Amino acid sequence: MPSYDLIIRNGIVIGEQGEQSADLAIDDGYIVAVAPALVGSARSEIDASGLHLFPGGIDPHVHCNEPGRTEWEGFATATTALAAGGITCMVDMPLNAHPPTCDAQSFDAKLAAAQGQARIDFALWGGLVPGNRDQLEELAARGVAGFKAFMSTTGTEDFQPADDLTLYEGMRVAARLGRIVAVHAENRTITDGMAREALLAGRTGVRDYLASRPAIAEYEAIERAILFAEETKCALHIVHVSTGRGVTLVNEAQARGIDVTCETCPHYLLFTDEDVERIGALAKCAPPIRSASEVAALWVHIQSGVLPIVASDHSPAPPDMKQSSDFFAIWGGISGCQSTLPLLLTEGYAKRGIALTTIAKVLATGAARRFGFWPQKGTLAIGTDADIALVDAHFETELHATDLFYRHRQSPYTGMRLKGRIVQTLLRGHVVFRDGQIVGEPIGRYLSVERRA
């Protein structure tokens, strides 16, 4: 009779092909067997009766802000919140750490800050900014997932936007190094110019801010980035797409053979411009939250399978940075990485009837395939890391600030009734979160990403 480290019994396993009532065996951190009524013994067992077993989520868009801005958020608090949300792997953005991750020295400082604090596995983005083209190779040698560039003005002075020459030349280098380039796609001339006009006229309200970042700024920047990617043969990823047409532009480019993907975020799938007026500062982000028709269009793309990734864009800040009578002056970032899976279950599965297999794909599989973690992560299959979220998909409760593990317990999602309770989260077979409490010492590992073919 076989013997294992752990057997999870009586769960509903969410696999790529569908749902299966099965037991799951883990040995040495890996899934080694998946079968109904699995024969064997184990040092410990978990009864998952009535629970769904999801592959541990992968969030490729998180701002931990460390080193340098730990008072905003840090690896300890951010990864605790992610583990509580059923996320077992994340990729940290190069900003808003200080210094940002734009060369080998800043990379080493960020890695040192994360090691020993991260409760889930993690990779790091490098930055693509004016003047650091010659540092991209040393970042690639350290295994960055890729290079992040802004096509719009950023929120911090120490991470400058990439002008067209910087982006084009950076993509040429990235293609040679086998790295993906991720871009915040908004036309800076349009957004800065419209913001300047509004401020000069004394228009500083919520609607004034939303109007200063029209959808055309996103469309144009996406098309320009795709053109550069086509010319340089660089893999491209468009972060936080906020419009249905933005996704369509990416899909049309894919049909032409261009290596481009995109992601959206829970706030674009949930909130409308009217919600931003109601919620206020906690719902400010860029690109901005848009109309109900855009929400519907993004869900259609998820349902059809052409929008493969939902990432949180967790971008926290201290409470005083979310307080101003001038909406333009408020920090533009949403805290939400702990709630991604419950939000998808609430708005996708319960409200729209989207299959749990689709939820698993946009939560884990899509990011694993795109960012170099596949096939070790992103699915529940024999030989993969035992990264698992045990979820009561039908449980419903109201989200309170006291439930959050962020450094600053603020989020636009508090007060909402959400489906889905993360009962346990396992990282490589180790329980890291159980019944509302973090478990054990931090065991998150740095994941060096290999060169793309």
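Here's a quick rundown of the structure. The model shown is predicted, which means the values in this text are computed figures rather than measured ones.

### Some thoughts on the overall build of the protein
Okay, step 1: Each helix and strand in the protein was counted, giving 13 helices and 17 strands.
Okay, step 2: Along the longest, intermediate and shortest principal axes, the C-alpha atoms of the protein span 75 × 45 × 45 Å.
Okay, step 3: If you take every contact in the protein between residues at least 6 apart in sequence, the share linking residues at least 24 apart comes to 75%.
Okay, step 4: Taking the average location of the 40 positive side-chain charges in the protein and that of its 54 negative ones, the two points are 1 Å from each other.

### Quick word on the side chain of Thr-357
Okay, step 1: Here Thr-357 is to be found in helix H13 (residues 356-371).
Okay, step 2: Apart from residues lying up to four places away in sequence, Thr-357 is in contact with Ile-14, Gly-15, Gly-18 and Glu-19.

### Quick look at helix H8 (residues 244-255)
Okay, step 1: Helix length check: H8, at 12 residues, gives a terminal C-alpha distance of 17 Å against a target of 16 Å (1.5 Å per residue), a fit within 8%.
Okay, step 2: Turning to H8, the residues buried within the fold contact helix H7 (215-232), strand E12 (236-238), strand E13 (260-262) and helix H11 (292-304).
Okay, step 3: Following H8 by one or two positions, Gly-257 adopts a phi angle in the positive range, close to 90°.

### Description of the layout of surface pockets
Okay, step 1: Approximately 620 Å³ is the volume found for the largest pocket.
Okay, step 2: Lining the largest pocket are 32 residues, with Thr-153, Thr-154, Gly-155, Arg-213 and Ala-286 sitting closest to its centre.
Okay, step 3: Among the elements that line the lining of the largest pocket, the one with the most residues is helix H5 (residues 188-200), at five residues.
Okay, step 4: Counted by class, the lining of the largest pocket contains 12 nonpolar, 14 polar and six charged residues.
Okay, step 5: Of the volumes computed, that of the second largest pocket is approximately 450 Å³.
Okay, step 6: In this structure, the second largest pocket is lined by 20 residues; those nearest its centre are Gln-338, Thr-397, Leu-399, Asp-403 and Arg-421.
Okay, step 7: At the level of elements, strand E14 (388-398) and strand E15 (417-427) are the ones that each hand at least two residues to the lining of the second largest pocket.
Okay, step 8: Class assignment for the residues of the lining of the second largest pocket results in eight nonpolar, seven polar and five charged.

### Here's the deal with the side chain of Gln-338
Okay, step 1: Turning to its location among the elements, Gln-338 is positioned in the loop between H11 and helix H12 (340-352).
Okay, step 2: Of the polar contacts made by the side chain of Gln-338, one reaches the backbone oxygen of Asp-403; its length is 2.9 Å.
Okay, step 3: Residues contacting Gln-338, with those up to four places away along its chain left out, are Ala-81, Ala-84, Gly-85, Asp-403, Leu-404, Phe-405 and Tyr-406.

### Concerning the sheet that holds strand E8 (residues 121-124)
Okay, step 1: Spatially, E6-E7-E8 is the arrangement adopted by the three strands of the open sheet, whose pairing is parallel. For this open sheet the edge positions go to strand E6 (57-62) and E8, each flanked by a neighbour on one side alone. On average, adjacent strands in this sheet sit at an angle of 20° to one another, irrespective of strand direction.
Okay, step 2: Pairing analysis gives four bridges linking strand E7 (residues 87-92) to E8, with the strands arranged parallel.

### Quick look at unusual backbone geometry
Okay, step 1: Cis geometry is found at the peptide bond from His-98 to Pro-99, where omega equals 5°.
Okay, step 2: Secondary-structure assignment places Pro-99 in the loop between E7 and helix H2 (104-114).
Okay, step 3: With an omega of 5°, the peptide bond running from Trp-374 to Pro-375 counts as cis.
Okay, step 4: Mapped onto the elements of the fold, Pro-375 is located in the loop between H13 and E14.
Okay, step 5: Non-glycine residue Asp-28 carries a positive phi angle of around 55°.
Okay, step 6: Its place among the elements puts Asp-28 in the loop between strand E2 (18-27) and strand E3 (30-35).

### A look at the nonpolar core
Okay, step 1: Grouped together as the largest cluster of nonpolar side chains are 105 residues, with contacts concentrated most on Phe-54, Phe-147, Leu-167, Val-181, Val-183, Leu-236 and Ile-238.
Okay, step 2: Here the element with the most residues in this core is H7; it accounts for eight residues.
Okay, step 3: Apart from the residues lying within four places of it in its own chain, the contact partners of Val-181 are Leu-128, Phe-147, Leu-167, Met-171, Ala-174, Cys-234, Ala-235, Leu-236 and His-237.

### A closer look at the pattern of salt bridges
A side chain with one charge may pair with a side chain of the opposite charge, provided their charged atoms come close.
Okay, step 1: Inspection of the entire model under this criterion finds 28 salt bridges.
Okay, step 2: Arg-207 serves as the salt-bridge partner of Asp-273, at 3.0 Å between the closest nitrogen and oxygen. Placement of the pair is Asp-273 in helix H10 (residues 273-279) and Arg-207 in helix H6 (residues 206-211), with a sequence separation of 66 residues.
Okay, step 3: Since its relative accessible area comes to 19%, Asp-273 is described here as buried.
Okay, step 4: Where Arg-417 meets Glu-396, a salt bridge forms, and the shortest distance between an N and an O atom there is 2.9 Å.

Cut-offs and rules
- Residues numbered from 1 in each chain as written.
- Predicted model: local features only at pLDDT ≥ 70, side-chain atom pairs only at ≥ 80, totals over all residues.
- Heavy atoms only, no water.
- Helix = DSSP H or I, 4+ residues; strand = E, 2+ residues; numbered from the N terminus.
- Contact = heavy atoms within 4.5 Å.
- Lys, Arg positive; Asp, Glu negative; His and termini not counted.
- Charge placed at Lys NZ, Arg CZ, Asp CG, Glu CD.
- Expected span 1.5 Å × (residues − 1).
- 1 Å grid on protein atoms, 1.4 Å probe; cavity = no way out; pocket = protein on both sides within 12 Å on 5 of 7 lines; lining within 4 Å.
- Points joined across faces, edges and corners; volume = space filled by probe spheres on them.
- Nonpolar A, V, L, I, M, F, W, Y, C, P; charged D, E, K, R; others polar.
- Polar contact = N/O pair within 3.5 Å; in protein donor to acceptor, adjacent residues only side chain to side chain.
- Pairing = 2+ DSSP bridges.
- Axes fitted to C-alpha atoms, helices over the stretch in contact; angles between N-to-C directions.
- Core = buried A, V, L, I, M, F, W, Y, C linked by side-chain atoms within 4.5 Å.
- Buried < 20%, exposed > 50% of the residue type's maximum accessible area, 1.4 Å probe, protein only.
- Salt bridge = Lys/Arg side-chain N within 4 Å of Asp/Glu carboxyl O.

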